[in-house]
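# What the coordinates show
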Amino acid sequence: MEETEFDPVILAFCCNWCSYAGADLAGTSRFEYPTNVRIIRVMCSGRIEPTFVLEAFKDGADGVLITGCHPGDCHYVQGNYMMERRFAFIKEALKHLGIEPERLRLEWISAGEGEKFAALIRDTTQRIKELGPNPLTKTDAAIEAFKAQRLRWVIGIQQAGLKVDEQRYKAVSLKIMKDEIERQMIIVEIKEKGPQTIKELAEATKISPKEVLRHIIALKKIGVVSEAGEKEDAYLYKVS
Amino acid sequence: MVEKTVMVVGGGISGIQASLDLASRGYKVYLVEKSPSIGGRMAQLDKTFPTMDCSMCILAPKMIDCSHHPNVQLLSYSEVKGVKGSAGNFTVTVHRKPRYVDETKCTGCGVCAQHCPVEVPNEFDEQLGTRKAIYMPFPQAVPRAMTVDKVNCIECGLCQKTCQAGAVDLKQQPQEVELNVGAIVVAIGFDLFDPTQIPTYGYGRYKNVITALELERLLCASGPAGGHLIRPSDGKIPRKIAFIQCVGSRDRRFGTTYCSSICCKYSVKDAVLIKEHEPNSTVSIFYIDLRAFGKGFQEFINRAKSEYGVRFIRSSPGEIMEDSETKNLIVWYEDTVAGRIDNTVFDLVVICPALVPRTDASELAKVLGVEVDNYGFFKASNILTNPVDTTVPGIFACGYCLGPKTGDIPDSIMQGSATAARVAEILERRV
Amino acid sequence: MGEEAPRIGVFICHCGINIGGVVKVPEVVKYARTLPNVAYSEDNIYTCSEAGLDSIKEAIKKYNLNRVVVASCTPRTHEPLFRSACREAGLNQYLFEMANIREQCSWVHAHQPEKATKKAKDIVRMAVARATWLMPQEEPELDIKDTSLVIGGGIAGMTAALTLANQGFKVYLVEKEAELGGNLRRLHKLYPTMQDTSEILMPTIEAVTMNKNVETLVSTVVSDVHGYVGNFKVTLSNNGGKRDVEVGTIIVACGAMNYTPPKGLYQYGEYPNIVTQLELDELLRNGKIKKPPERVVMIQCVGARKGEIRALDLAGFPKSDTARLLAKILKAKKEEGWPYCSKICCMNAIKNAILIKERFPQTDVIILYGDIRVYKEYEDFYSTARENQVKFVKHIEEVTPEITQGPEGKLIVEAYDALVGREMKLPCDWVVLSTPLIPRKEEVLLARMLKVPISQDGFLMEAHLKLRPVDTQMDGIFLAGAASGPKDVPESIVSAKAAAARASTLMANKKMRTEALTSVVDEKECIGCGLCEDICSYGAHYLEEGKSHTIAALCRGCGACAAECPRRAITMQHYTDEQILAQVKAALMEEI
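Residues numbered from 1 in each chain as written. Chains lettered and ligands numbered in written order. Predicted model: local features only at pLDDT ≥ 70, side-chain atom pairs only at ≥ 80, totals over all residues. Heavy atoms only, no water.

## Details of the interface of chain B and chain A
The interface of chain B with chain A comprises eleven residues on the first partner and eight residues on the second. In this assembly, chain B packs against chain A so that about 630 Å² is buried in total across both faces, 51% of it on carbon and sulfur atoms. Among the residues of chain B in contact with chain A, Cys57(B), Pro139(B) and Ala221(B) are the three that bury the most area, contributing 39% of the side total. At the boundary of chain B and chain A, one finds zero salt bridges. (Contact = heavy atoms within 4.5 Å. Buried area = accessible area lost by both parts, 1.4 Å probe. Salt bridge = Lys/Arg side-chain N within 4 Å of Asp/Glu carboxyl O.)

As C-alpha cells, this is what we get:
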C-alpha cells in the first residue's frame, strides 16, 4: 500500500463579530494557508459547549480550533470569558480520554487580524501534522459526562461568579469532572460488553480497581447500576 | 416649504453617525463624500485609545449600515459646489466626479487592479504604500467599487478587458446634480499641519522623521508594512523611537496657538503599541504638558510608564540632525525637569503635528455662507449654548471641522448625533 | 424539522473568476445534487446580481424549495441581500444559509485548485446539513411609547428634555433636589466666555418650565424600574408619595459631584482659608472675599490622578537633593483619591485665577501643577492667564505639598519645584484645592435598577467607549452629561443633544424590531437553578414559580445560557445544538 501524507482535518469555531471577520480579512487580503480547516460560524464563542468539541473528536477531527474576540472586546460582553473558563475543563477531559490536549487550541483573533488568522491556520496545521491522526479513542463517556447536570452545574457556578475560594474550586471541580467521565466509561463498557465484575471493569477502562469500586457504589446509590449475578467471587454489575 | 431631507457633507465617523441617526429618524439623507470611499481618518488608524480596539473593525459595521440604509443615498467622489436658500429649503449643487467605473455593476472583486500596469503611491497609506491607477482605497471601502485615477492612468484599457462584470467605463462624464434639502450638516474633518514648515525638525529631508499618521499606517496590520514596524529609509526594525509632541500646536512662531487635544493621547497609545510589538525597544515621548484627560486615560498613562517602560521627557526639542551614514537621528533637547541639555540618538522620530482645518474648508465655508473662527475652523453660533450650530440657521457642523474640542472619536460621534437632534428640531418645525 | 421534508436549493457562485478561477464550480454543483435533501442545484456567474437573485426566486417557486443555500462570498456582506430575495419569494428569511467559498476558500487557496475544490464541496455539504435543521424565525415588533424619562435636572438633563420636547415628545423631567439647575447653581462664572452661570441657567430653566411637553417633578427620585425598551414602567417617589409612569426611553443625566477632601488632606478643615475651587466659586459669587489677599496658591489634582505613586526618574536630579527627596517620598503615604484625570479642573483653576486677578490686580496667584491639561482653543485662555501674571509652577506631585500655619495668620505651602530643582516655601492667604468630579452615590442604585454597568472609574458605562458614547448596553436607555464622566458645559450640552437624538429616533419610529434569535426555555426540563439569570449580561432571563423564562425583547442571541444550562433546557434559536452538530458531522464525514 502506498504511503500517503497525512492530511489532517481541523475544525475551527469562529465567532461572527471578530474571528470569522478576521478569517474573511485573510481572504480579502489573499493571505494563503493550507486547506485543512473547516470553519463553523457561531454568534459568540460563548455558545460553544464542551460537547461540540468532544463530538468533533469523536467524528474524527484531528484538531479543533476555537477562536473568539480578544478579552474585553466580546460583542456580548463576556461570552469569550465564559468560553475561556470552559476551555480548562475540556483540556483536562482530553487528558482523561487519551487524546493529546495539544489537539485543542483557543486563540483570540480580532476582525482586523487577517494575517494573524492565516498564520494561526498554518501553525495549527503543522502542529497537528506532527501529532499524527486522531487516536480515535472513545469519547462517548466524556460526551455523556458533559451532558449531565452535575458537571454542567459545577462549571456553571464559576461562570456566574464564584462564591468559594479559587484553589478549592479548581480542585473540586476537576475531581467532579474526572469522576463523571470515569463513571460514564464504566456505564459505556457495561452497555457494550454486558455485565462485568469490578476487576474486569478496571482492566477494560484502565481505572484502578479502588476507584471503580468507589464509582460503582456511587452509581448504585442513584440506581444506575445494580448487581446481576456473581462470577469468580465477585459481583457482576449491570446497567439498571 | 420644509423638506424632510438632509445633506451631510463629509463621510468620516462624525458624518456617518449624523447620517445614521438622521436616516433612522426617517429623514432622507444625501451623504456627500469627496474621496472614493467613506470612512475618513478613522479608517487610517490602527488602534484607538485607550481601549485599543482595532479601528477598522469598529468602523466597518457603521460604514456598511450607512450604505445599506434605505434612507441614505451615498454620493461618493462628489463635492458641494453651490448653495442657495435658507433653513428648511436649501438648494445644493453637487458636482459628481467621474470614477470611470459603473458603481451599480462593479462588485469590488479587484481583478482589474491586479492587471493594471501603473503603480503609484497610495494616499490612504500617506504615500508609504502603493496602489494601481485603478484602485480601491482600502479593502473595506464603501461603496465597494473601484475608481480610476485618470491623472496617472495610461488608458491602456486592460482593466476594461479583464472586468467580468463590464463595469469599467473610461468615457464616463462628470455630473452636476441639484438637490433640495431642509438642512445641511458639515463634517469634513481635519488635515495635518505640514511639518516641513519647521525646518529644524527635518521632516521631508530626513526619511526617518515621519508623522504620527504615517506611523499609524506602518503599525496597521492591513497597511504597507503588514503591521511589522520598519523605518522608511532602509526597512530596519527601529529600536529607539522618539515622539515629539506639539509640532505646530501651542506655537506662536509656526502653526497655531491652540492645543490639538488628542496628540498626547494617541502618542501614548502608539508608544504602547510599539512596545507590544517590540518589547526590547526604547520609546521616549518629548512633551510640554501631558494632556491625557478623558475616560480611562490617566490610568493608561500609568500603565505605559510602569508596565511598558515608556519614557516621558518634559522638553520641546530644539533641533533634529541626521547621521548621513546610518540615517539615524540625533535629537537635541533641554530636559526641563532634570535641568540639563542633552542629545540622544534615535532610529525613528515620530512627529505629532497639529491638526488644522482642511485646505478646502474656507472655500466650503464661503459656498455655505458660514463664518469661520480665527483658526479657520467652522464657528459655533454660541460656543457655550449652541456648540453644533454654525452662524447660518439650518446649517450645522460636527467633528473636528468645528475645532479641537476634546477631539476624539466619542466626541465626534456625540456631535454627529447632536446635529441630528438639531436638524430634527428644525424639520419638526418646533424651534 | 417542520411539517414537510426539507427541499433545499443550492446556488453556487463563480463570482467572475474569483471563485470559478480556483474552484471547479460545475463539479461542486454536480456534487451538491447528490447530497441528502437537495432538490435543486445550479451555478451563477454572480449570484448577487439582479439575474442571480431572480434565478433564486424563480427556482424557489418552480421547484417548491423550502430552504436555500448560496455558496459564494462571506455572509457578512450579502446575507441581507439574499435573505430579502427569499422573503420576496415567500420564504422565511431564516431558512437561508450561506457557504463561504470565497474569502475562506478560493481566495486563500489560490494555488491549490484541487484541494480548494474538495474543500468547497465540504463547505457546501456543511451548509446543506445545517440548512436541513433550520426553522423559520420571526423578529418580534415592539411598540415604542413616545414618552421619555429624563433623570436629573442639571444642564444636561434640561437640554435633553428640551431637545425632545421641541420635537413634540412628552418628557418627565425628574430632579431629586427642590430646584432645577444642578451643579451650575453653585458655580459663579463659566469659561471661556466668563459669562455668569445665571445667563445660561435662567433661560434654560425658564424654557423648561414654559414648555408644555415637559412635566417637571422636583424633590422626586426614581425608586423602581421594570420592563424594557419602549415599555419601561418607572416608579417615582416624592416625600412618601409614589407615582407610576410608563415611558418608551430613559435618559440618565444624574451628573457628578465635586470631591470634598476628607479632613486633614492638605490640612483641609484644619486651618481656615483652605477651600476647594467650588467653595471659591461660591465665595467669589457672594463677594465674601473683602480684603485683597497678598497671595493665593492653588494646588491641582488634589484627590485626582492618585491611588498609586507613579514611577519617578530620580537620576536627573541634582545629587544633593536626591537623598532628601527620597526620604520625603518614602515618608509620604499613598495619597487617597481617584485614579483618573477630571479634565476640567485645569481650566477651572485658570478661570478662577483670572477672576481673582481682575478683582484684585495686586494679588499674587500661583498654580502648582503636574501637567496643565488645557485643551482645544482654551490654550489662548492659558496664555491670557500668564499675560495677567498668574504664575504656573510645576511641582513634583509625589512630594505631597505640606501646609502649615505661619506668622500673622498666613499659611505656608511647602512644595518641590520640579523645574528649578529645589524646595520652595510659599507664604499665602488662601490655599485653593482643585478636586475632581466624582460619581454620585445615588448612581450605583440607579445603575442596578437600570442594569447599566459601572466603569472602572466609577461612572456609568457607555455601550462602547469609542463608538457608542451615549448609548448603554440596554436598548432605550441613554446617558447625558457628567453621569458618564467629567465634562464641561458645552460637552454636557452636546452629549445631552446626542442622547436626545438617539432616544427620539426610537420614539419617532414608534416600533422597533428586536432580535429574532432568542433563547427558549423548556419548562419541563427546567429546575429553576437560576444560572441563566445569573450569567445573562442583558437580564433576559427571570425566574417565576421555579421556572426560567426568556424576555425576548432583551435577549441578544449570544447562546451562553444554552451552553451553560445544567439541564440542557435552553434552546438557542438558529444556533441550536442539532444545527451546529450537523455541521460538525458533515465537516468530518468522508466525501460521498
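So much for the structure itself; the text now carries on.
## Structural notes on the state of the cysteines
Under the defined criterion, the tally for this structure stands at one disulfide over all chains. Across the disulfide from Cys54(B) sits Cys57(B); the S-S distance is 2.2 Å. Judged by the sign of its S-S torsion, about 80 degrees, the cystine formed by Cys54(B) and Cys57(B) is right-handed. Free of any disulfide, Cys246(B) has its nearest cysteine sulfur in Cys264(B), 5.8 Å distant. As a non-bridged cysteine, Cys15(C) has Cys13(C) as the owner of its nearest cysteine sulfur, 5.1 Å distant. We classify Cys15(C) as buried; its relative accessible area is 7%. (Disulfide = S-S within 2.5 Å. Buried < 20%, exposed > 50% of the residue type's maximum accessible area, 1.4 Å probe, protein only.)

## Some points on the side chain of Gln298(B)
Inspection of the secondary structure puts Gln298(B) in helix H7 (residues 297-306). For Gln298(B), a relative accessible area of 1% gives the class buried. Side-chain polar atoms of Gln298(B) contact the side chain of Arg373(C), separated by 3.0 Å. (Helix = DSSP H or I, 4+ residues; strand = E, 2+ residues; numbered from the N terminus. Polar contact = N/O pair within 3.5 Å; in protein donor to acceptor, adjacent residues only side chain to side chain.)

## Side note on unusual backbone geometry
Geometrically, the link from Val142(B) to Pro143(B) is a cis peptide bond, its omega value of 0 degrees lying close to zero. By the element assignment, Pro143(B) lies in the loop between strand S10 (134-135) and strand S11 (147-148). Omega for the peptide link from Tyr191(C) to Pro192(C) comes to -5 degrees, which places this bond in the cis form. Relative to the assigned elements, Pro192(C) resides in the loop between strand S8 (189-190) and strand S9 (195-196).

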